[in-house]
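Observations on the model geometry
Residues per chain are reported as follows:
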Amino acid sequence: MCAAGRYRGRRERALLWCVLVAAWEAAWGQLRYSVPEEMPKGSFVGDVAKDLGLELPALRHRDLSILDKGRTQYFALHGKTGHLVTAQRIDREQLCRLLEKCMLRCEVIMEGEMQVYGIEVEITDINDNAPSFKEIELEERMSETTAPGSRFPLAEAHDPDVGRNSLQSYELSGDEHFSLAVQAGPGGDQRPELVLAKALDREEAAFHELVLRASDGGEPARTGTARIRVAVLDANDNAPVFSQAEYTVRVPEDVPVGSVLVTVTATDADEGLNGHVKYSLKKVSHIALEMFQLDAETGAISLVRSLDFEEGDSYEVEVQARDEGELFDTVKVRITVTDVNDNAPELTVSSALSAISEDAPSGTVVALLHVQDRDSGANGEVRCSMAERLPFRLEKSFEDYYRVVTARELDREEVAEYNVTVRAADGGSPALRSSAVLALRVLDVNDNAPVFAEARYSARLPENNAAGALVLTVRAADADWGQNARVRYRLSEGRVRGAPLSSYVSVQAETGALYALRSFDYEEVREVWLWVRAEDGGAPALSSNVSVRLVIVDENDNAPQVLYPPAAAAPGAGWAGVELAPRSAEPGALVAKVVAVDADAGQNAWLSYELAKATEPGLFRVGLHSGEVRTARFPLARDAARQSLVVVVKDHGRPALSATATLTVVLAESVAELLAELGSAAAAPGEPAGSLTRWLVVAVAAVSCLFLAFLLLLLALRLRRWRWRRSQLLAAGSGALRGVPASHFVGIDGVRAFLHSYSHEVSLTADSRKSQLRLSGGSCCDTLPARPPAEASGGLVPKGEVAETCGQVSFQVLRVAADISKCVVLEITLYDGRQLVNVTS
């Protein structure tokens, strides 16, 4: 029991030590296990999840699996338990027949973290193979003259097992003439030799039967036997002798099959059959026996199967030369295989992403690659590279693993998809190469706002357009993709003439087409400024604005409007335009002026005047652009007193629009004649003709009263300021009044008098009790007028004109207001060049 306790304690300490070693190796990315060979499929090897420190609930999200490199998989990994088990029955002798220690490697990848762990599993040997001889029937020939103590090498037994399970001892039985000697080889192997213990006598016994038994050290031990038949020959006193003590040859691994690698040569001094030498392989491994062939007559060793440096780099065989007298010599032949760069690097993708977001940070792992080269030395040194212009770089991960990571931020708008080619080249000459291509899509992020095709838009829209008319189309493009590149349009808030902008125009959200919702009128709105916003479908959405100028184009939709002469309200309601022209008027004298305006603009508002109809054609003419009616010749006595003129006013639109104005010109030398003519023409049924005359007389009287009142007030003001001029100013004022002909006071219901050489202008209206009187040059004294005559100035004295000097006094009458019905001056405004003076009655 004490011994059992000590054994159990040692076992527990060994188990603890193994656990600590496994934990230390797991921390450095390397796990080691051992399992006996010939275990059935599914046998437990090790708890990988526990040794890596992974909890079972988290194991499902880590995606732990064994990397598949395209070779035979001897192990499997349970995804739920994390246990490493055998995937098939493993024969150590088949996998590692030349190795003392049989190690199988595999890699475990954790997809969630892109971490690789190496696992080494040692396949331990069991005693499943018995020692065996290449030939179970051996024949040895010995001359009867062979001296006792001579040694003859025997064929060695082969046991694929290792350690204690391998070949341990030989035993010989069967005859007293022979004994067995076992020699230790350079590598620790046992070489059996047949030792002649007693001299032979062919006459006594021509043959001797022996049994050679080989045993291993397994429990229980396994044995193999070979039968040896010794034939006693006649004497042969010369043995073959090889030309070299040892043959060594170096051959490249790509030497063709059938090539002679080396030829061994042995000579025998005997003659006849005793001097004829034959060659044979005595000590050779199973692999060498499959690789090489020996010509028994020539001693040439040729290649029967292709060499592979990665499978074996050296071979050793023992060749025996034997003559017919059974004398022999042995020599060792060493064949060394040199490496040739015949294996290209193997580049496999262990794990890779198919898509990556364009805003992924620099250093994001894209793929995990594994590279290996079966060659050795410089031929097996692999260098990995990739194009420098790509935004990726290679990083060493674990042993022969590399990671492809992003070197900078990506931009899908520049490159939407990458085909990343990773190249591997070995150090051979010439170098062999291989490559792997990673297809990577860049996922879009909404990082680009819509961009309009133009910096600003402008459109011209004719007025009177139809509601719903297309104005223009704005277009914006978004460099993003998918929903992030879907652009929608809308109007920014605004107002036009106090109304919301949306009541005037609208924009189609999908196409950007801008429509007019109402008919525009150039005379109301001449241009509209608005902003259109383009917004993408990202989250959050990005937008941009563009200004749109909508210019309303004028159309000729307004006819000219005549301001003067005004049109009569109704027939018989009064004269719309009555003008006075003296019969003594010279050609070119201004009679009247037709004033018209056009609400349109530009060419549509350019007006031209022409005389369409006249009582006396040729008596009057109209200015084409001014609308002034002037005499074309001297009025004749035969011309009618009342002249009716029809003036057509046209614009320059297409088509042109027009309006007409009717003027009545009375040829008279005095006011009395004018009144008489107007009275006779204005008489109508139900109203006496004298009624109009009476009102005209009242009007003239009122004008005269106003004028007299103004002069009196002006004189009074001047007397107060300049007493020493009282008499001069008074005389000048009264003289001016007396010199004014009564015929020059006109103006009832649009009648105008054009004054030529006299000094004042009176304007009266029938619908107002207030009239205005304006004095200008010529009203102060009998001197030359301050302005050109009426023929040159148009017959009108502008308001505000400075009066002529009367003695040493100069003044300007700005305004006179009076009540006609009471002949009372209400207010006069004067200006003497320094100050304004208002006089109110």
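This structure is a prediction, so every number in the text was calculated from the model and none was measured. (Residues numbered from 1 in each chain as written. Predicted model: local features only at pLDDT ≥ 70, side-chain atom pairs only at ≥ 80, totals over all residues. Heavy atoms only, no water.)

1. What to know about the overall build of the protein
A tally of helices and strands in the protein yields 9 helices and 58 strands. Per-residue burial for the protein yields a buried fraction of 42% across its 841 residues. Sequence-distant contacts, at least 24 apart, represent 66% of the contacts inside the protein between residues at least 6 apart. (Helix = DSSP H or I, 4+ residues; strand = E, 2+ residues; numbered from the N terminus. Buried < 20%, exposed > 50% of the residue type's maximum accessible area, 1.4 Å probe, protein only. Contact = heavy atoms within 4.5 Å.)

2. Observations regarding the sheet that holds strand S1 (residues 30–36)
An order of S1-S7-S6-S3 is seen for the 4 strands of this open sheet, with the pairing classed as mixed. Each edge of the open sheet is held by one strand with a lone partner, namely S1 and strand S3 (64–66). Recorded for the sheet is a direction-independent mean angle of 30° between the axes of neighbouring strands. The pairing of S3 with strand S6 (residues 103–110) spans 3 bridges and is antiparallel. (Pairing = 2+ DSSP bridges. Axes fitted to C-alpha atoms, helices over the stretch in contact; angles between N-to-C directions.)

3. Points about the packing of aromatic side chains
In this description, a pair of aromatic rings is defined by centroid distance and the angle of the planes. Counted by the stated rule, this structure contains 9 aromatic pairs. With 6.2 Å between their ring centres and 45° between their planes, phenylalanine 242 and tyrosine 279 make a pair best called tilted. Placement of the pair is phenylalanine 242 in strand S17 (residues 241–242) and tyrosine 279 in strand S21 (residues 278–283), with a sequence separation of 37 residues. The burial state of phenylalanine 242 is the same as that of tyrosine 279; both residues are buried. Judged by centre distance (5.3 Å) and plane angle (80°), the rings of phenylalanine 292 and tyrosine 315 are edge-to-face. Of the two residues, phenylalanine 292 is situated in strand S22 (residues 292–294) and tyrosine 315 in strand S24 (residues 314–322); the sequence distance between them amounts to 23 residues. Note on tyrosine 315: relative accessible area 10%, which makes it buried. Taken together, the ring pairs connect Phe452, Tyr457 and Tyr489 into an aromatic cluster. The ring of tyrosine 504 has arginine 518 lying over it, and the distance from NZ or CZ to the ring centre is 4.0 Å. (Phe/Tyr/Trp six-rings, centres within 6.5 Å; stacked < 30°, edge-to-face > 60°. Lys NZ or Arg CZ within 6 Å of the ring centre and 35° of its normal.)

4. Describing the nonpolar core
If you look at the biggest cluster of nonpolar residues, it comprises 31 residues, and the most contacted ones within it are Tyr489, Phe520, Leu530, Val532 and Leu550. Elements with a contribution of two residues or more to this core: strand S35 (456–462), strand S36 (469–473), strand S38 (487–491), strand S41 (505–507), strand S42 (513–516), strand S43 (527–536) and strand S44 (543–553). Apart from the residues lying within four places of it in its own chain, the contact partners of phenylalanine 520 are Leu461, Glu463, Asn464, Asn465, Tyr504, Val505, Val525, Val528, Leu550 and Ile552. Core analysis: the next-biggest nonpolar cluster, separate from the first, contains 28 residues, Leu261, Tyr279, Phe292 and Ala321 among them. (Core = buried A, V, L, I, M, F, W, Y, C linked by side-chain atoms within 4.5 Å.)

5. What about the side chain of asparagine 165?
Its place among the elements puts asparagine 165 in the loop between strand S11 (157–158) and strand S12 (167–173). Judged by its relative accessible area of 15%, asparagine 165 is buried. Among the polar contacts made by the side chain of asparagine 165, one reaches the side chain of aspartate 125 at a distance of 3.1 Å. Dropping the residues within four chain positions of it, asparagine 165 is found in contact with Asp125, Ile126, Asn127, Asp159, Asp216, Gly217 and Gly218. (Polar contact = N/O pair within 3.5 Å; in protein donor to acceptor, adjacent residues only side chain to side chain.)

6. Some words on the side chain of aspartate 598
Along the polypeptide, aspartate 598 turns up in the loop between strand S48 (595–597) and strand S49 (607–614). For the buried residue aspartate 598, which engages in no salt bridge, the nearest side chain bearing the opposite charge is arginine 526, 9.3 Å off. Engagement of the side chain of aspartate 598 in a polar contact is seen with the backbone nitrogen of aspartate 600, the distance being 2.9 Å. (Lys, Arg positive; Asp, Glu negative; His and termini not counted. Salt bridge = Lys/Arg side-chain N within 4 Å of Asp/Glu carboxyl O.)

7. Describing unusual backbone geometry
Cis peptide bonds are those with omega within 30 degrees of zero, and the linkage from serine 429 to proline 430 qualifies with 0°. Residue position: proline 430 is located in the loop between strand S32 (417–426) and strand S33 (433–443). With phi around 50°, glutamate 399 is a residue other than glycine that occupies positive phi space. With phi around 55°, arginine 497 is a residue other than glycine that occupies positive phi space.

8. Examining the sheet that holds S35
Within a sheet, adjacent strands bond to each other through the backbone by hydrogen bonds, running parallel or antiparallel. Across the sheet, 4 strands lie side by side as S35-S44-S43-S38; this open sheet has mixed pairing. The strands lining the two open edges of the sheet, one partner per strand, are S35 and S38. Across this sheet, the average inter-strand angle for adjacent strands is 30°, counted without regard to direction. Examined bridge by bridge, S43 and S44 share 9 bridges and lie antiparallel to one another. The residue bridging arginine 533 from the neighbouring strand is asparagine 545, located in S44.

9. Concerning the state of the cysteines
Evaluation of the coordinates by the stated rule reveals 1 disulfide. In this model cysteine 96 forms its disulfide with cysteine 102; the gap between the sulfur atoms is 2.0 Å. Between cysteine 96 and cysteine 102, the disulfide has an S-S torsion of 50° and is therefore right-handed. This pair shows no difference in class: cysteine 96 is buried, exactly as cysteine 102 is. (Disulfide = S-S within 2.5 Å.)

10. Structural notes on the environment of asparagine 484
The residue asparagine 484 is located in the loop between strand S37 (476–477) and S38 in this model. Take asparagine 484: its relative accessible area is 15%, and that puts it in the buried class. Sequence separation between asparagine 484 and asparagine 448 is 36 residues; the distance between their C-alpha atoms is 8.5 Å. A polar contact of 2.9 Å, which involves the side chain of asparagine 484, links it to the side chain of aspartate 444.

11. Looking at the pattern of salt bridges
Applying the stated rule across the entire model yields 24 salt bridges. Where glutamate 171 meets arginine 213, a salt bridge forms, and the shortest distance between an N and an O atom there is 3.9 Å. Placement of the pair is glutamate 171 in strand S12 and arginine 213 in strand S15 (residues 207–216), with a sequence separation of 42 residues. When its relative accessible area of 43% is taken as the criterion, glutamate 171 is described as partly exposed. Classification of arginine 213 as partly exposed rests on a relative accessible area of 30%.

12. Structural notes on the environment of serine 314
In this structure, serine 314 sits in strand S24. Looking at serine 314, the relative accessible area reads 41%, which means it is partly exposed. Setting aside anything within four residues of it in sequence, one finds serine 314 in contact with Ile335, Thr336 and Val337.

13. Notes on the confidence of the model for the protein
Summarising the model, the protein shows a mean pLDDT of 78, and 77% of its residues fall at 70 or more. Considering only residues more than four positions removed or in separate chains, one finds that residues 1–28, a stretch of pLDDT under 50, has 10 contacts. Contacts of residues 569–575 to residues separated by more than four positions or lying in other chains number 9 contacts, the stretch itself having pLDDT below 50. (pLDDT = per-residue confidence, 0-100.)

14. Re the environment of asparagine 129
Its place among the elements puts asparagine 129 in the loop between strand S7 (115–124) and strand S8 (132–133). The spacing of asparagine 129 and asparagine 165 is 36 residues in sequence and 8.2 Å in space, taken between C-alpha atoms. Among all residues touching asparagine 129, those that are not within four sequence positions of it are Glu93, Asp159, Pro160, Asp161, Asp216 and Arg222.

15. Considerations on a nonpolar patch on the surface
A cluster of nonpolar residues, Leu563, Val595 and Val597, forms a patch on the protein surface that exposes about 210 Å² of accessible area. Tracing the backbone shows valine 597 in strand S48. (Patch = residues over 30% accessible without salt bridge, like charges linked within 9 Å, V, L, I, M, F, W, Y side chains within 5 Å. Areas by Shrake-Rupley, 256 points an atom, 1.4 Å probe, with all protein chains shown as cover.)

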